[in-house]
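So you can see what is in the structure, the chains are spelled out below.
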Amino acid sequence: MLDGLGTLAPGRLLLVGRWSYYAEGAGVGRDAHNTIDLGARGIPPGESPDQAALFGVALGDTVATLREMGWDVWLFRQVPEIADYDSRDVARRLAHGRMSAAEASALTFANPERLASRVARAEAAIMPLVTSGAVTLIDPWPDLCPERCGALQAGEGLYFDNNHLTNAGALRLRDLFRPFLDGGAGNGTGASE
């Protein structure tokens, strides 16, 4: 990747990922079976440091390298995961009377403590980069979680499944990308504009 970037004139670069996957090594809820195993070069498998520590070092090194190459680095904070939500499954179960409205409603919201725990180790690596101004953060959480993180907000479906947004969810976030797309410089504080 870095070789390819070296052929381009530096500008703005946006890093997007499900950062918790990298820090934790696995998905959550409906995606718990999906795994990512980070490894350190030259260290035998099983002897590597903690996955979150590896993620922190790799992200920090990547950002430092990109900045040395002249890139203005932006980072998209991963959307909150609604661990057990899948719109298709909920709709089918409701239609066939296998789920009550109360059960469906419970699946559409993220447990705040579980969500905070899920992102903690990833954000332990990300937030120092934001605070130092090494990256400019694009933060979807205020738009997706006005009071509580949920797949449905104000009667509108924002999530297709536990981590993918619907068109309505994406449209809710579009203005967050304007400073990046319009050529605005990173704000130097790392906070969303």
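Bear in mind the structure is a predicted one, so any value in this text is a computation, not a measurement. (Residues numbered from 1 in each chain as written. Predicted model: local features only at pLDDT ≥ 70, side-chain atom pairs only at ≥ 80, totals over all residues. Heavy atoms only, no water.)

Asker: A description of the environment of Leu-94 should follow, citing residues and the corresponding values.
Answerer: Position of Leu-94 among the secondary structure elements: in helix 4 (residues 87-95). Among the residues examined, Leu-94 registers a relative accessible area of 37% and is labelled partly exposed. When the C-alpha positions of Leu-94 and Ala-40 are compared, they lie 46 Å apart, and in sequence the two are 54 residues distant. Apart from residues lying up to four places away in sequence, Leu-94 is in contact with Met-99, Ser-100, Ala-101 and Ala-104. (Helix = DSSP H or I, 4+ residues; strand = E, 2+ residues; numbered from the N terminus. Buried < 20%, exposed > 50% of the residue type's maximum accessible area, 1.4 Å probe, protein only. Contact = heavy atoms within 4.5 Å.)

Asker: Any details on the pattern of salt bridges? Residues and values, ideally.
Answerer: According to the stated counting rule, one finds 14 salt bridges in the structure shown. A salt bridge links Arg-77 to Glu-123; its shortest N-O distance comes to 2.6 Å. Of this pair, Arg-77 sits in the loop between strand 2 (72-76) and helix 4 while Glu-123 sits in helix 6 (residues 112-131); the two residues are 46 residues apart in sequence, bridging distant segments of the chain. A salt bridge links Arg-88 to Asp-86; the shortest N-O distance between them is 2.9 Å. Connected via shared salt-bridge partners are Arg-30, Asp-86, Arg-88, Asp-89 and Arg-93. (Salt bridge = Lys/Arg side-chain N within 4 Å of Asp/Glu carboxyl O.)

Asker: Mind laying out the pairing of strand 1 (residues 12-16), listing which residues take part and the relevant values?
Answerer: Of the two faces of strand 1, only one is covered, namely that formed by Leu-13 and Leu-15; the face formed by Arg-12, Leu-14 and Val-16 stays uncovered. Across five bridges, strand 1 lies against strand 2 in parallel orientation. Each bridged residue has a counterpart across the sheet, and for Leu-15 the counterpart in strand 2 is Leu-75. (Pairing = 2+ DSSP bridges.)

Asker: Quick rundown of the state of the cysteines? Include the residues and the values.
Answerer: Per the counting criterion, the structure on display carries one disulfide. The disulfide bridge from Cys-145 ends at Cys-149, spanning 1.9 Å between sulfur atoms. Disulfide Cys-145-Cys-149: torsion about the S-S bond near 105 degrees, hence right-handed. Like Cys-145, the residue Cys-149 is buried in the burial classification. (Disulfide = S-S within 2.5 Å.)

Asker: Which residues make up the sheet that holds strand 2, and what values do they have?
Answerer: Read from one edge of the open sheet, three strands run 1-2-3, paired in parallel fashion. Bordering the open sheet on either side are strand 1 and strand 3 (136-138), each of which pairs with just one other strand. Between one strand and the next, the sheet's axes are offset by a mean angle of 30 degrees, whatever the strand orientation. (Axes fitted to C-alpha atoms, helices over the stretch in contact; angles between N-to-C directions.)

Asker: How would you explain unusual backbone geometry if you had to name every residue and give the values?
Answerer: Of note in the backbone geometry, Ala-154 takes a positive phi value of approximately 50 degrees without being a glycine. Counting through the fold element by element, Ala-154 comes out in the loop between strand 4 (152-153) and strand 5 (156-157). For Ala-154, a relative accessible area of 83% corresponds to the exposed category.

Asker: Can you explain the confidence of the model for the protein chain? Please cite residues and give values.
Answerer: A residue-level look at the protein chain finds 90% of positions with pLDDT of 70 or above and a mean pLDDT of 88. This model gives residues 187-193 a pLDDT under 50, and the stretch forms 21 contacts once residues within four places in sequence are excluded. (pLDDT = per-residue confidence, 0-100.)

Asker: Which residues make up empty space enclosed by the protein, and what are the values?
Answerer: Scanning the entire structure with this criterion turns up two cavities of 30 Å³ or more. Quantified by volume, the second largest cavity comes out at close to 30 Å³. In terms of lining residues, the second largest cavity is bounded by Trp-19, Ser-20, Arg-77, Gln-78, Val-119, Ala-122, Glu-123 and Ile-126. When contributions to the lining of the second largest cavity are tallied by element, the ones reaching two or more residues are helix 2 (19-24) and helix 6. Residue contributions to the lining of the second largest cavity peak at four residues, all from helix 6. Broken down by class, the residue content of the lining of the second largest cavity amounts to four nonpolar, two polar and two charged. (1 Å grid on protein atoms, 1.4 Å probe; cavity = no way out; pocket = protein on both sides within 12 Å on 5 of 7 lines; lining within 4 Å. Points joined across faces, edges and corners; volume = space filled by probe spheres on them. Nonpolar A, V, L, I, M, F, W, Y, C, P; charged D, E, K, R; others polar.)

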